[in-house]
Amino acid sequence: MPDRARRRFPGRRPLIGVAALLLSLGVSLGVLLGWPLPAPLFEAPHATAVLDRDGRLLAATIAADGQWRFAPVQSVPPRFADALLTFEDRRFRHHPGVDPLAVLRAARDNVRQGRVVSGGSTLTMQLARQIGPPRARTLRSKVYEAWLALRLEWRHDKDTLLALYASHAPFGGNVVGLNAAAWRYFDRPPEALSWAEAAVLAVLPNNPALLHPGRNRDALAARRDGLLQRLHARGALDDLELSLALAEPLPDAPRPLPRETPHLLATLTRNATASDGIYRTTLDGRLQSRVSALADHHGRRLAAEGIQDLALVVVDHRDMTVQAYVGNHRAGAADRPGAMLDLVRRPRSNGSLLKPFLYALMLDEGLLLPETLVADIPTQFAGYSPENFDRLHRGAVPAREALARSLNVPMVRMLRDYGVDRFHDQLRRLGLTSLFRAPDDYGLTLILGGSEASLWELTGLYANLTATARDGVRHAPRMPALLQQSGPAAPNVPVLSQGASWLTLDALIDVVRPGHEGLWRQFGASQPIAWKTGTSFGLRDGWAIGSNGRYTVGVWTGNAEGQGVPDLTGTLAAAPLMLEVFGLLGAVPWLREPVQSLQTLTVCADDGYLVRADCPTREARAPRGSHFSRVSPHYTTLHLDAEGYRVHAGCERPAHMQPRAWFQLPPVQAFFWRSHTPGYAPPPPWRSDCLEGLADYSDEQVMGLLYPQDGTRLMVPVDLDGRLGKVLFRAVHRDPRASVRWHINDRFQAETRHFHDLALRLSPGWHRITLVDQHGQRLEQWVQVLARDTQGAG
């Protein structure tokens with residue numbers, strides 16, 4: 001530069017140097033602050049937990065590294081934030097991550113003491129120390145923490161940094177993070193901490209080993225109380241709050257976390273997804289605790305009878321949310337085979353729990369009415385012979401009573417009429433997913449426990465039935481772990497109508513179990529409950545599911561390994577627990593009758609079919625839109641003379657005959673009906689001069705074979721002499737004085753009077769059985785005899 005230029009700008013060179021220095025410092029600072037942060041900041045595994053609808057902890061499992069560390073908090077509760085910043089870093093909101101004043105103060109204190117007594121670390125520097133692997137406490141590590149703290153402050157706001165610190169700070173032992181500390185020490189979420197509790201947790205991270213609540217209690221009390229005094233001096237607490245906080249006792253050693261839903265937690269961990277490991281459910285925590293205690297009580301009772309396991313679900317069917325969930329009880333031996341299994345989700349033989357849905361479907365499709373009679377007689381279909389639980393037959397029962405009494409024979413006959421394929425398809429539409437076999441593989445046993453289902457799905461089916469009866473809309477059962485994370489499920493088009501659902505529940509209110517009516521009477525006066533029990537073949541599973549006006553409660557009892565037990569029935573094992581749970585829930589009004597979804601029909605009074613032959617009538621309800629069209633097959637028109645004897649055109653002039661409508665069941669049904677219905681009146685006898693040639697004038701069925709039935713295939717055993725054994729035949733006749741002549745393949749065999757039992761030896765093959773009474777009235781049926789390596793006589 002020329003001298004003249006230098007003289008003109010004498011200060012330019014120093015200014016350029018300063019600018020270059022500042023630029024260099026700025027670039028260096030930008031590089032230092034902009035240096036990438038570790039990604040992710042924290043890689044430690046989290047514990048998993050189940051929370052109730054209010055955020056209360058119900059169960060938790062420790063993290064994979066053995067630490068009680070829950071997912072990070074999103075924000076720090078104000079009390080803990082005030083206490084922490086007052087104790088650790090009062091200028092946290094103002095410094096950039098490093099506090100020069102704190103560094104100078106620490107240096108002064110260390111010089112005075114002649115040793116390191118203070119590090120001058122800010123809260124952000126302590127957070128930096130938590131990131132990455134543990135580092136030795138050296139000057140070099142201090143510088144690195146300061147650099148990382150500056151970068152953290154550059155990238156995140158103060159509230160985020162405070163939440164990160166609280167989520168990863170050590171709180172003594174294997175307790176890490178504010179969430180875990182609040183639950184382990186005080187059994188509550190951080191938001192519910194008192195001032196004293198917040199102060200305890202604020203001082204712990206400073207020296208968690210020295211100030212562990214289980215020991216060094218005097219030192220911990222001094223730190224806590226000093227912090228409370230400082231908070232009071234700052235105006236955070238008033239005088240009363242301070243005195244109450246100082247009076248609070250210190251916590252003991254970390255408490256065991258709640259174990260209210262361990263089985264549900266295991267199921268959710270295995271099958272559901274929660275990004276933070278926290279499953280926020282719709283469970284009612286207080287109800288869950290009471291129901292779990294009740295389940296434990298009944299678990300001890302049942303264990304004394306050889307029944308080791310149970311499961312329970314409570315659903316609020318107003319919104320289809322699960323309120324309580326017991327995968328198994330906590331009483332009994334912890335090492336028993338089923339102790340750790342979630343038996344709510346395990347498919348088991350469902351007993352007779354599907355009967356209400358067959359009843360409802362047949363109501364909806366116009367195949368029966370609640371009072372329609374269904375045969376209850378010895379029955380055999382292709383070698384399958386269902387029996388009622390009490391081994392009795394009633395001849396015929398109203399469909400409503402067959403459901404209420406859970407009679408097997410009428411329900412099997414109803415399923416035969418409805419169709420197994422059709423029922424199988426409808427069950428899947430209703431939400432039953434466990435029907436993995438073809439309908440023919442289940443056959444008629446589908447209605448009696450031939451299939452398997454879980455308590456989860458079955459309780460959902462009953463809850464949906466009640467929800468439909470209430471508002472006519474079917475709701476899909478929902479997984480409790482996802483209830484708070486997902487919106488309400490969209491209603492589906494109902495499979496069952498509101499009217500059919502309500503009529504089905506109305507029948508289930510009348511549930512009666514022979515020999516155990518007292519169990520129902522204890523609760524029947526307090527509130528209406530529509531309930532159904534189920535018992536699997538071999539007494540391996542006992543079920544009880546019921547609904548009141550608001551809740552559906554499902555209970556399963558049994559042994560996880562499937563052993564049968566004599567008293568393992570739905571009534572004795574499961575129903576007492578179900579009814580006690582309803583007692584906990586309290587009485588609620590029953591569902592209103594949906595008059596808009598029902599229609600009224602006029603039916604014959606005795607059999608529930610549409611009117612025929614001037615029968616006595618009454619009104620019956622049916623789902624609106626159903627089309628029941630079956631006219632009574634049991635009312636016939638009899639012709640009587642002036643003295644009340646039966647006559648026909650061959651013995652009396654039509655002008656002298658008086659028509660009379662008469663209720664008359666088929667002979668086999670009438671045989672059993674008479675013993676259970678004292679008021680049953682058989683038809684009047686024939687006038688004596690009308691008996692000759694009666695068969696030519698009356699086609700009335702007067703005889704029936706109790707066994708074997710028409711078309712039966714008989715497997716006959718071989719006697720010791722190598723010949724086929726005899727087949728026992730049993731017939732009934734309307735006239736107790738009748739005589740019956742027996743013919744096999746048109747060959748006369750024998751004549752019976754009064755009691756028509758006969759043992760005959762038949763050869764393999766088809767045989768025509770013909771019975772003829774003294775008036776020439778006939779009954780003809782076919783049976784097939786099956787045998788191997790036999791020598792038979794015709």
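Refer to the preceding data block for the structure.
Draft legend 1. Expanded view of the packing of helix 5 (residues 123–130) against helix 7 (residues 158–168). Helix 7 packs onto helix 5 with a crossing angle of 50 degrees between their chain directions and a minimal axis gap of 10 Å. Relative to helix 7, the element helix 5 is oriented oblique. When the axes of helix 5 and helix 7 are compared, the crossing they make is left-handed. Facing helix 5, whose interface residues are Leu123, Thr124, Gln126, Leu127 and Gln130, helix 7 presents Leu161, Leu162, Leu164, Tyr165 and His168. Taken together, the residues of the contact of helix 5 with helix 7 sort by class into six nonpolar, four polar and no charged.

Draft legend 2. Geometry of the sheet that holds strand 13 (residues 541–547). Pairing is antiparallel across the open sheet formed by five strands, whose spatial order is 7-6-14-13-12. The outermost strands of the open sheet, each flanked by one partner alone, are strand 7 (321–326) and strand 12 (530–535). Neighbour to neighbour, the strand axes of the sheet diverge by 10 degrees on average, direction disregarded. Relative to strand 7, strand 6 (residues 309–316) runs antiparallel, the two sharing five bridges. The partner of Val314 across the bridge, within strand 7, is Ala324.

Draft legend 3. Focus on the pairing of strand 20 (residues 712–715). Only one face of strand 20 is buried: it carries Thr712 and Leu714, and the other face, with Arg713 and Met715, is open. In terms of strand pairing, strand 20 meets strand 26 (residues 778–786) through four bridges, oriented parallel. Residue Arg713 lies in a different strand from strand 26, and its bridge partner there is Gln784.

Draft legend 4. The arrangement of the pattern of salt bridges in detail. If you walk through the whole model with that rule in mind, you get 37 salt bridges. The shortest N-O distance in the salt bridge between Asp99 and Arg91 comes to 2.8 Å. Of the charged contacts, one joins Arg753 and Glu751 as a salt bridge, the two residues approaching to 3.6 Å between their closest N and O atoms. In this structure Arg753 comes out as exposed when scored by relative accessible area, which is 54%. Taking the relative accessible area as the measure of exposure, Glu751 reaches 38% and is therefore partly exposed.

Draft legend 5. Region of interest: the state of the cysteines. According to the stated counting rule, one finds two disulfides in the structure shown. Here Cys604 is linked by a disulfide to Cys615, with a sulfur-sulfur distance of 2.0 Å. The chirality of the disulfide connecting Cys604 with Cys615 is left-handed, given an S-S dihedral of about -85 degrees. Here Cys604 is found in strand 15 (residues 598–604), whereas its partner Cys615 is found in the loop between strand 15 and strand 16 (617–623), with eleven residues between them in sequence. Judged by relative accessible area, Cys615 falls into the buried class, the value being 6%. Here Cys651 engages in a disulfide with Cys690; their sulfurs sit 1.7 Å apart. Across the S-S bond of Cys651 and Cys690 the torsion is about 95 degrees, and the bridge reads as right-handed. In this pair, Cys651 sits in the loop between strand 17 (635–640) and strand 18 (658–663) while Cys690 sits in the loop between helix 23 (667–676) and helix 24 (694–697), placing the two residues 39 residues apart along the sequence. What makes Cys651 buried here is its relative accessible area of 15%.

Draft legend 6. Local environment of the nonpolar core. Counting residues in each nonpolar core, the largest one holds 106 residues, and the members touching the most others are Val314, Leu358, Phe423, Leu427, Leu446, Ile447 and Val581. In contact with Ile447, not counting residues within four places along its chain, are Gly351, Ser352, Leu354, Lys355, Leu358, Met411, Val412, Leu415 and Phe423. Within the second largest apolar cluster, 62 residues are counted, among which are Phe80, Leu152, Ala166 and Ala196.

Draft legend 7. Quick look at helix 16 (residues 408–418). The buried fraction of helix 16 is high, at nine of eleven residues. Of the residues making up helix 16, those classed as buried are Asn408, Val409, Pro410, Met411, Val412, Arg413, Met414, Leu415 and Tyr418. Against helix 14 (355–364), strand 9 (373–376), strand 10 (395–398), helix 15 (399–404) and helix 17 (420–430) lie the buried residues of helix 16. One or two positions beyond helix 16, positive phi appears at Gly419, with a value near 110 degrees.

Criteria and thresholds
- Residues numbered from 1 in each chain as written.
- Predicted model: local features only at pLDDT ≥ 70, side-chain atom pairs only at ≥ 80, totals over all residues.
- Heavy atoms only, no water.
- Axes fitted to C-alpha atoms, helices over the stretch in contact; angles between N-to-C directions.
- Helix = DSSP H or I, 4+ residues; strand = E, 2+ residues; numbered from the N terminus.
- Parallel < 35°, antiparallel > 145°, perpendicular 65-115°, else oblique.
- Left-handed = near helix turned anticlockwise from the far one by under 90°.
- Contact = heavy atoms within 4.5 Å.
- Nonpolar A, V, L, I, M, F, W, Y, C, P; charged D, E, K, R; others polar.
- Pairing = 2+ DSSP bridges.
- Buried < 20%, exposed > 50% of the residue type's maximum accessible area, 1.4 Å probe, protein only.
- Salt bridge = Lys/Arg side-chain N within 4 Å of Asp/Glu carboxyl O.
- Disulfide = S-S within 2.5 Å.
- Core = buried A, V, L, I, M, F, W, Y, C linked by side-chain atoms within 4.5 Å.

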